[in-house]
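Single-letter residue listing:
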Amino acid sequence: MIKKYTYGEPLQTGAVVDIIPAATESIEPLELKTEPQFCFEYTMTDDDIVYGLGEANRGINKRGYIYTSFCTDDPSHTEEKRSLYGAHNFIIVDGYDRFGVFVDFPGKVTFDIGYTDYKTLTVTPDEQNVDVYIITGDSLNDIVKQFRTLIGRSYIAPRWAFGFQQSRWGYMCADDIREVVKNYRENGIPLDAVNLDIDYMEKYKDFTVDEERFPNFDEFVQEMRNQGIRLIPIIDAGVKIEDGYDVYVEGVRDNHFCKTANGQDFTAGVWPGRTHFPDFLNSDTRKWFGEKYKFLLDKGIEGFWNDMNEPAVFYSDKGLREALQAAKDAETQDLDINSFFALKDKFTGLSNSMNDYSSFYHNMDGTVLRHDKVHNLYGYNMTKAAGEAFKTFEPNKRILMYSRSSYIGMHRYGGIWTGDNQSWWSHILLNIKMMPSLNMCGFLYTGADLGGFGSDCTRDLLLRWLAFGIFKPLMRNHSALGTRNQECFRFGDTTDFKNIISIRYSMLPYIYSEYMKASLENTMLFRPLSFDYPDDAFAARVEDQLMFGDGLMITPVYTQNAKGRYVYLPEDMLYIKFTSPTQRKYALMPKGNHYIDVALNEVPLFMRKNKLLPLCRPTDCTDNIDDSTFEVIAYADKPCEYILYNDDGFSTDYDKPEHFEPISIKEENGELKVVSNKTIVRVSMFNLNN
Ligand code: GLC
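**Q** A description of a nonpolar patch on the surface should follow, citing residues and the corresponding values.
**A** On the surface, Ile-337, Phe-340 and Phe-341 cluster together into a nonpolar patch covering about 310 Å² of accessible area. Note on placement: Phe-340 falls in helix H8 (residues 337–348). Classification of Phe-340 by relative accessible area gives partly exposed; the value is 37%.

**Q** Report on the packing of aromatic side chains, specifying residues and quantitative values.
**A** Using the criterion set out here, one finds 51 aromatic pairs in the structure. Ring geometry for Phe-162 and Tyr-515: centres 4.6 Å apart, planes at 65°, overall edge-to-face. With a gap of 353 residues between them, Phe-162 in the loop between helix H1 (140–151) and strand E12 (165–166) and Tyr-515 in helix H13 (residues 495–521) connect regions that are remote in the sequence. For the pair Phe-277 and Tyr-378, a centre-to-centre distance of 6.1 Å together with 65° between the ring planes defines the contact as edge-to-face. Of the two residues, Phe-277 sits in the loop between strand E17 (273–276) and helix H5 (283–292) while Tyr-378 sits in helix H10 (residues 378–393), which places them 101 residues apart along the sequence. For the pair Phe-277 and Tyr-378, one class covers both residues: buried. Between the NZ or CZ atom of Arg-58 and the centre of the ring of Tyr-65, over which it lies, the distance is 3.6 Å.

**Q** Residue-level account of the nonpolar core, with values.
**A** Among the nonpolar cores identified, the biggest contains 179 residues, and Phe-90, Ile-177, Tyr-293, Phe-304, Tyr-445, Leu-466 and Tyr-515 are the most heavily contacted of them. For this core, the element with the most residues is H13, which contributes 14 residues. In this structure, Phe-90 is in contact with Tyr-51, Gly-52, Leu-53, Gly-100, Val-101, Phe-102, Ile-135, Ile-143, Phe-147, Ile-408, Met-440 and Cys-441, ignoring residues within four places of it in sequence. Residues Ile-27, Phe-99, Val-101 and Leu-121 belong to the second largest nonpolar core, which totals 27 residues.

**Q** Talk me through the side chain of Ser-684; I want residue IDs and the actual numbers.
**A** Within the secondary structure layout, Ser-684 lies in strand E41 (residues 679–686). Apart from the residues lying within four places of it in its own chain, the contact partners of Ser-684 are Arg-584, Tyr-586, Glu-631, Val-632, Ile-633 and Ala-634.

**Q** Which residues make up the site of the ligand, and what values go with them?
**A** Surveying the vicinity of the ligand reveals 13 residues, the closest of which are Asp-197, Asp-307, Arg-404, Asp-420 and His-478. In this structure, an oxygen atom belonging to the ligand sits 2.9 Å away from a side-chain N or O atom of Arg-404. One of the side-chain nitrogen or oxygen atoms of Asp-420 is found 2.5 Å away from an oxygen atom of the ligand. Protein chains bury 98% of the 310 Å² of accessible surface belonging to the ligand in isolation. Taken together, the residues of the shell around the ligand sort by class into 8 nonpolar, 1 polar and 4 charged.

**Q** Quick one: what's the story with the sheet that holds strand E10 (residues 120–125), residue by residue and with numbers?
**A** Strand order across the open sheet formed by 5 strands is E2-E3-E10-E9-E5, with antiparallel pairing between neighbours. Two strands in the sheet have a free side with no partner beyond their single neighbour: strand E2 (31–33) and strand E5 (65–69). Pairwise comparison of adjacent strand axes, ignoring direction, gives a mean angle of 20° for this sheet. One ladder, built from 5 bridges, connects E5 with strand E9 (residues 109–113); its direction is antiparallel. For Tyr-65, the partnering residue across the bridge sits in E9 and is Ile-113.

What counts and how
Residues numbered from 1 in each chain as written. Predicted model: local features only at pLDDT ≥ 70, side-chain atom pairs only at ≥ 80, totals over all residues. Heavy atoms only, no water. Patch = residues over 30% accessible without salt bridge, like charges linked within 9 Å, V, L, I, M, F, W, Y side chains within 5 Å. Areas by Shrake-Rupley, 256 points an atom, 1.4 Å probe, with all protein chains shown as cover. Salt bridge = Lys/Arg side-chain N within 4 Å of Asp/Glu carboxyl O. Helix = DSSP H or I, 4+ residues; strand = E, 2+ residues; numbered from the N terminus. Buried < 20%, exposed > 50% of the residue type's maximum accessible area, 1.4 Å probe, protein only. Phe/Tyr/Trp six-rings, centres within 6.5 Å; stacked < 30°, edge-to-face > 60°. Lys NZ or Arg CZ within 6 Å of the ring centre and 35° of its normal. Core = buried A, V, L, I, M, F, W, Y, C linked by side-chain atoms within 4.5 Å. Contact = heavy atoms within 4.5 Å. Near = heavy atom within 4 Å. Polar contact = N/O pair within 3.5 Å; in protein donor to acceptor, adjacent residues only side chain to side chain. Nonpolar A, V, L, I, M, F, W, Y, C, P; charged D, E, K, R; others polar. Pairing = 2+ DSSP bridges. Axes fitted to C-alpha atoms, helices over the stretch in contact; angles between N-to-C directions.

Shown next, in the form of structure tokens:
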């Protein structure tokens, strides 16, 4: 059951699709406080767990820390950070009571989840104009399903986007990309896409292609397509100020840019130098900017990533002027501890400063809004601009889109990647913990930069991250300019990389099916163990294993030099250890705690009772997958079935019943047999009793 509570006059963010009338009673089980400030409080019992917040730091259980919902461009996700790139204001409290809370508010919201006082949950929106939804249900999964229904169906990516993507900031020309593709193909490592980072553009100008470094771009796109590769260009929020550049000229002429208080176009420094920010909260601007994507669609592009859309501000004119003046003034001063650090802070505080965020304005279809008050809607509306345009230009075709910044509601228009992480072991674990929280908030097409974006990657780190990454819808290796090259062919013998990524491709029909069902049915692809085993108190403590799709559990290794790891089995399970799509070891393992050996080239996977996993023959790219022929691994002692979702992978007729095809285990003459319309070439059947 969902109840909405309205305070003041909330801005309509578009996060929810079901408009429900506001309740008049008090907001139980939360308590509304107005002193010392407007907030909502709840007293937690010792064992209460708090899930949610999507792209947020720390654990699956968010208890014991404080989080600020304010989309932030910060590439150093160390533990003390309170804000990352997304703002996902949905939590579930589970324990004495069980309820979800969604705070629909476009500005800053603080979630103090037992940080100030371990027993107290305090949710503080920056203002008193807010819609708060309280969701109660039979189970954690039920609450999520109700919430996801409220916010509308998640964006659905094309099937090719489930192939492996290679990216790097620093592919300077078409030949760099040809070289990457050649190496993947020659080493037999599957690959479906290469991202184009900012260097494909002419002087970092959106919707341009540098003719010198990427000559005959249309032909290049086609040349790559012929090799089974799609190119995915980046689009940045800031539009370069340059005379004669059409996007800039039109934007100024037609008032599409955010304004300062005195009506000037707000200027901020980003990659291209000085830029203006399109006012994505304005529907005319969205339409205008969305139409620009056609420039690249017409060149054969089928997917994009939207970046720097928190928006990231390196500096504003005003901030830079002040800092430079302070530096000049300091020249003649004897800088002591205070004045030196004050000067330093003038420069370090230049980027993404609240002063700047509170100095420009949006015109949301007639309503003027100061940016900081609606900050979390910016990246969301940039991606909405693209999503709305794709529907017009390609009504029957899925275009890939993922964004860096996001707010709940954006999940209907695109996926997200989780921004600039690092080549740190702790970031594999953070990535594991984030996946279910993101799914709760509607973000299903999502993943982190595999191998880590910043810092130098190592072979073992990349292999371990890939062994987890093969399960994520967005499976992309991406790294920053200046870091060690981390494509899968950069670390000597490529066999292990080939094998691990090929395991992904052999599971692709399953992964795609589970993703599609999660989107269509408003469920989660990745779930904490406690969601599926609510009565198992130990399962609720597990933060480094996830339930995955229908009947699988994943247990990634995320520790340097580890030879394996401890796992908790909430019931007897079939353990499948892959070294390649076809080389596997099996063991039936009883409920409880175990240590499993997992070498660097192995992928551990667990299967629940009476479940089955269809596997196809791996290929070099998704276009070549034969989805008519399968091998089946089953762990069953009674009839059961798996629903395979099978469509062309790019049309938008998602709900057609013929897309859902069962692969069943039926009993015939006292024996269990796999029955399917597909060709089943081999069955590995494990009986619960053997
Ligand atoms: C931002 C993005 C990163 C990209 C870089 C250059 O830091 O998060 O993925 O590579 O910009 O465009």
